[in-house]
Amino acid sequence: MTIHIPRSLTLSYREPCVVTWVSPQGRGPLIKSHPSIFIVQVSGTTSDNPHPSMSKTELEKILQKIENIVTEAHKILQLLDLPSCSNVDKRQIVATNSRGVVTTVAPPRVVIGRDEDRDKVIGMLHETVSDGQAECSSALSYSIIGIHGIPGSGKSTLAQYVCAHVEDGFHFEVVMWVHVSQNFSVHTILREMIEQVTRKPSPQFDSASALQKNLEEGLRGKRFLLVLDDVWYSKDVSHQESLQQIISPLNVGKAGSKILATSRTLDALLALGHVSCIPIPNLDDDVFLKLFMHYAFEAANVDERDRRKFEMIGADIAKKLKRSPLAAKIVGGQLRIRPNIDIWRNARDRDLLNDTMGALWWSYQNLNEQVRRCFAYCSIFPRRYEMDPDELVNLWIAEGFISRDTGEEMEDVGQGYVYGLVSTSFLQPVGGNKERYTIHDLLHDLVEKVSGSDCFRVVDGWQGEFPQYVRYLFVETCKSATLTDKIVKLRHLRTLIICTDKNDTALNKKAFEDMFMSLRTLRVLCIRLWSTETFLFPESIGRLKHLRYLSYQRNGQAAKIILPSTVSKLYHMQHLKCLSIVFSSCEDLVKLINLRYLSCLGAMDFPNIGRLTSLRTFGSFRVKKEAGYELQQLKYLNKLQGTLGIHGLENVGSREEALEANLTAKERLSHLILGWDSDGLQSCDADLQAEVLEGLRPSKYLDILHLWSYNGSRYPDWVVGVQVLLLLECSPLGAIPKHHEFSAHLLELSIYSCSWDALPNDMELLTSLQILDITECENLRSLPKLPQSLLHFELSDCDRQFMRSCEMVGDPNWEKIQHVRTIIIHPISEPTHSP
C-alpha cells in the first residue's frame, strides 16, 4: 500500500517498507496543494495479517497510528503553504491510484482583485443538496454554476483561479476543463473529457454514443468538477442538442459533482438547465488601477525619479479602459516596453482608449509593421486554435513576412516576433505551456477585422462564395465536391490549410490535380486527412513553383506520401513534413537547395544529402558503404538543430572518417542519437567502435545523448559531459572520468537492456546526477555507492532477487538508496502458467 506522511515524522513499523521523500523537484505524484509528501510502500505477504507474529490488535494500533500521522501531515503541509507544481511530467507519477486531478488551463501567475469572487465560487462548489440546493436539481448527481460577463472581463481567469484552489484531489476526484466556443465538435469535447478522466489517449470511436459510454465508465461513482469555458447561446435546436450530448453522460458521477460554466450571456447558461448564475463583478477603481500598474510596470526599467509621473499618467489611462482586465493587460503590456513619458502621455490623450476594442486597436497599431502583418495572418486559424510557435514562424517565413536586414537567421527574427506578441499578451500560452499559444476571443475579433477579406475560414455547414481576392484559406471540413470546385477558382490564394474528418470524401486525387493546375501562387499547403492510405501526389504539383511549405498529416500525425519526379522543380521549397517520403527518383530531393526543414520519421534513404546546406532538421541519417551515403555528407550541414540521429555506424571505418561528420561545429544540436546495428557488429571490433565514438565528439552545447548497441572498449570523456545520457544495449560504462567539468554536468542516466554485471564503482563522482533509471539489466546484482545529489531512482524488469533486495529493509542495496527522495521499483509480474 502507499501512505503519505511528512518527512519530519517517523514511523516505527516492524514490517519491511520503502520510505521515499518526494519534493517539488522530485518525481512524485505531486498533488498540487501538497507538493511535498512522503511515500511509504509497505511490502509484505498478501495474507490478511502480513506478519504472522503480530496480533490483530497490534496491527490495528499501528494502522491507527499511521492514520493519525497522515492527518497531521495534511495539517503541516497546509501551514507550509508550499508552491504548487502543475507542470509534472507523466513519468513523475509514483502512485498510479493517486487521486490527483488534471486540468488543461493554469491561472495567470498573478491574479489581482478576484480573491473574494474565487472564495464565493468555491463555496458554491462545495455545497450539496442538503446545504440548500434547489430541489429540482436533486435528481441529478451534479449541479451547475454559471459565470457570465462581457468579453475580456475575466470570466475564464476567475474559473482558472477557482480550479487552482480546488485541485486538491480530495473534494473532487476528477477536474476537467474544456473550451466550448461558438462552433464546437461534440466528438472533440467528449474525447478531451475522456483523456482528462483516464489520463490516456481517447479511443477513436466513430459515434458520440460510444464516446459517451466510455466517459461514463471513467466517471462512474466519482465526484467531478467540469469547467465548460466560453459557452455560446444559439436558438438552433441542433446546438442545444449538442450541448446535451456533452452533459448527458455526467449523471453517473457521485453526488456533489459540479459543472462550472462561463459565458458572455445569461441565456447561454440558462440553456444548460437549472443554473446558479453569478455575473462577474467589475473591479473597483483602486483594484483596477493596481491591476493596470502591474502590467505596465512589471519588470519595467523605470527611473525612480520618473516613477511618480508614470503613475499619475497611468492613473489617467486606467480610467479610460472601463475596468476591462483584458484592456489593462494589452495596453499595460505595450506601455511596459515603452517606458517613455511622452509615449505614455500620447496614449493618455488618444480617444481610442475609451472602450476595450479601441484600446486593443491602439495596442495593435503600436506593434512593429512586420509583427502586425504576422499577427493578422493568425486570423486564418479557428478561435482558441493552439499554435505551435515554431510552426507559426515557419509559416511566416514561407509567406515572406520575415526579412533579415542584419544577417540574422529568419527563424531567430520570427521567434523575436513571437516573443514580442507574447510579452504584450497578443499571444497567450495555453495552460502555462510555452510550447503552445492561443489568441483571446476579443483579439481574434480584432485581427479578423484587420485582415479583412485576405483571410477566410470555412466551417462545417458553410455555404456561400469566397471573397474574390482571398489569399489565406483554412478549411475545417471538406465534405462537398462543390467546395473544391470553388477553391480552384481562387487565383490569388497563397495559403491553403485543409482539415478533414472521417466523413469527408471530396478531397481525392482529382481534386488535388485540379488545385495544382489552378493555384499557381500557392506558397503554403497543409493537408490533414483521416485517410490511412499512402498518398501519391499528382505530377502537377511541379506547377506550384512558389510552394515553400508542404505538410501532409494523417489523424494528427505525419503520413506517408509519394512525391513524383516533378517535385524537383520546386526550387523554393523550405519545409517538407510527413511521416515517410518516397521519391520517384533518388536525385529529386537534393535539387531542393533551399530546403530548411525535412520533418520525417525514420532515416533518410537518399544519397548526397550534404548538398542541402540550408537544412535545419531532417530526422536521422543512415551511413552506408555506398557513394552518397558516407558520414562526410554531414560535414557542411552546420545549421542542423534540435535532434539528429546517425545510424549504421558499424559502416564507419576509422576515427578520421568519424571526424568528417564535423559534429563539433553543429552548435544548435541539443539531442544526438548514435546507433550501431547489431547485425553488422561482427565486422566492427570494440576498439574501432571506441575510436569512431571519440571522433564523433559533438558540440559542448549538446544536452541529450542516446547510444544504441555501442559495444566499444571504452567511453570518451565527453560522453558524461552531457546532461542526459541513455545507453541501450551498450557495453559497461567503466570508470567515471575524474574531470570535474564532465562529472558535474550529467543530470540523468538511463540504462536499458545492458548485460552489465555492475554499475561503475565510482558513480558517486557524478555529483550532479539527479535521475537514475535502470531497465531490463538482468545481470545486475548490487548497487555501488550512489551520489548524494540523486533525487529519483527507478528500477524495472531486472533480476528478481536484486529488485527485492532494493526493497528489503537493512539490505546493502536498500541502504544505498535511502538518501534518494523518490524511489520507484516496479512490481515484478509473476509468470503465468497454462492450465
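Please refer to the structure higher up on the page.
Nothing here was measured: the structure is a model prediction, and the numbers come from that model.

Asker: Help me understand helix α20 (residues 686-695) in this model?
Answerer: Because each turn of an α-helix spans 3.6 residues, side chains separated by three or four positions end up pointing in the same direction. Along α20, the residues that are buried comprise L688, Q689, A690, V692, L693 and G695. Looking at the buried residues of α20, the elements they touch are α19 (655-659), β25 (669-675) and β26 (704-708). Its side-chain oxygen placed 3.2 Å from the backbone nitrogen of D687, D685 serves as the N-cap of α20.

Asker: Help me out: how do you make sense of a negative patch on the surface in this one?
Answerer: Taken together, the side chains of E656, D685, D687 and E691 present a region of like negative charge at the surface. Along the polypeptide, D685 turns up in the loop between β25 and α20. The class for D685 is partly exposed, based on a relative accessible area of 47%.

Asker: Before we go on, may I ask you to explain the pairing of strand β29 (residues 771-775) in this structure?
Answerer: Each regular strand shows side chains that alternate between the opposite faces of the sheet. The element β29 is extensively covered by neighbouring structure, given that 5 of its 5 residues are classed as buried. Burial along β29 is two-sided: I771, D773 and T775 facing one way and L772 and I774 facing the other are all buried. Two strands pair when backbone bridges link them, and strand β28 (residues 748-752) and β29 are joined in this way by 5 bridges, in the parallel orientation. Along β29, the bridge assignment pairs S750 with D773. When β29 meets strand β30 (residues 792-796), the two strands line up parallel, connected through 5 bridges.

Asker: Is there a simple way to explain the environment of C754 in this structure?
Answerer: Take C754: it is sitting in the loop between β28 and β29. A sequence separation of 22 residues divides C754 from P732, and the C-alpha atoms of the two residues are 7.7 Å apart.

Asker: Would you mind showing me how to read the packing of aromatic side chains here?
Answerer: Pairs of aromatic rings are described using the distance from one ring centre to the other and the angle between the two planes. Overall, the coordinates contain 19 aromatic pairs when judged by the stated rule. Taken together, a centroid distance of 4.7 Å and an interplanar angle of 10° make the contact between F381 and Y385 stacked. Here the two residues F381 and Y385 agree in accessibility, since each one is buried. Each residue in the set W361, Y364, F375 and F426 is aromatic and connected to the rest through ring pairs, giving one cluster. The ring of Y161 has R118 sitting right over it, with the charged end atom 4.9 Å from the ring centre. K624 extends its terminal NZ or CZ atom over the ring of Y629, reaching a point 4.6 Å from the ring centre.

Asker: I tried to follow the nonpolar core on my own but got confused; where do I start?
Answerer: One recurring pattern in soluble globular proteins is that nonpolar side chains are buried together. Counting 107 residues, the largest nonpolar core has L496, L674 and F793 as its most contacted members. Here the element with the most residues in this core is α20; it accounts for 4 residues. Once residues within four sequence positions are removed from consideration, F793 is found in contact with L772, I774, L783, L786, I817, V820, T822, I823 and I824.

Asker: Hey, could you run me through empty space enclosed by the protein in this one?
Answerer: The probe, sized like a water molecule, is rolled over the atoms to show the empty space still left. Counted by the stated rule, this structure contains 3 cavities of 30 Å³ or more. Counted as a void, the second largest cavity has a volume near 40 Å³. Contributing to the lining of the second largest cavity are F381, Y385, M387, D388, E391, L392 and L395. Tallied by class, the residues present in the lining of the second largest cavity amount to 5 nonpolar, no polar and 2 charged.

Asker: Even after reading the chapter, I still don't get the sheet that holds strand β4 (residues 142-148), so can you show me in this structure?
Answerer: By way of backbone hydrogen bonds, the strands of a sheet pair with one another, either parallel or antiparallel. Strand order in the open sheet made by the 5 strands is β5-β6-β7-β4-β8, with parallel pairing throughout. Looking at which strands have only one partner, the edges of the open sheet turn out to be β5 (174-181) and β8 (275-279). For this sheet the average axis-to-axis angle between neighbouring strands, irrespective of direction, equals 15°. As paired strands, strand β6 (residues 224-231) and strand β7 (residues 257-263) are joined by 5 bridges and run parallel to one another. Across the sheet, L225 pairs through a bridge with K258, a residue of β7. The strands touched by helix α3 (residues 155-166) within the sheet are β4, β5, β6 and β7, with β7 carrying the most contacts at an inclination of about 155°.

Calculation criteria
- Residues numbered from 1 in each chain as written.
- Predicted model: local features only at pLDDT ≥ 70, side-chain atom pairs only at ≥ 80, totals over all residues.
- Heavy atoms only, no water.
- Buried < 20%, exposed > 50% of the residue type's maximum accessible area, 1.4 Å probe, protein only.
- Helix = DSSP H or I, 4+ residues; strand = E, 2+ residues; numbered from the N terminus.
- Contact = heavy atoms within 4.5 Å.
- Polar contact = N/O pair within 3.5 Å; in protein donor to acceptor, adjacent residues only side chain to side chain.
- Patch = residues over 30% accessible without salt bridge, like charges linked within 9 Å, V, L, I, M, F, W, Y side chains within 5 Å.
- Areas by Shrake-Rupley, 256 points an atom, 1.4 Å probe, with all protein chains shown as cover.
- Salt bridge = Lys/Arg side-chain N within 4 Å of Asp/Glu carboxyl O.
- Lys, Arg positive; Asp, Glu negative; His and termini not counted.
- Charge placed at Lys NZ, Arg CZ, Asp CG, Glu CD.
- Pairing = 2+ DSSP bridges.
- Phe/Tyr/Trp six-rings, centres within 6.5 Å; stacked < 30°, edge-to-face > 60°.
- Lys NZ or Arg CZ within 6 Å of the ring centre and 35° of its normal.
- Core = buried A, V, L, I, M, F, W, Y, C linked by side-chain atoms within 4.5 Å.
- 1 Å grid on protein atoms, 1.4 Å probe; cavity = no way out; pocket = protein on both sides within 12 Å on 5 of 7 lines; lining within 4 Å.
- Points joined across faces, edges and corners; volume = space filled by probe spheres on them.
- Nonpolar A, V, L, I, M, F, W, Y, C, P; charged D, E, K, R; others polar.
- Axes fitted to C-alpha atoms, helices over the stretch in contact; angles between N-to-C directions.

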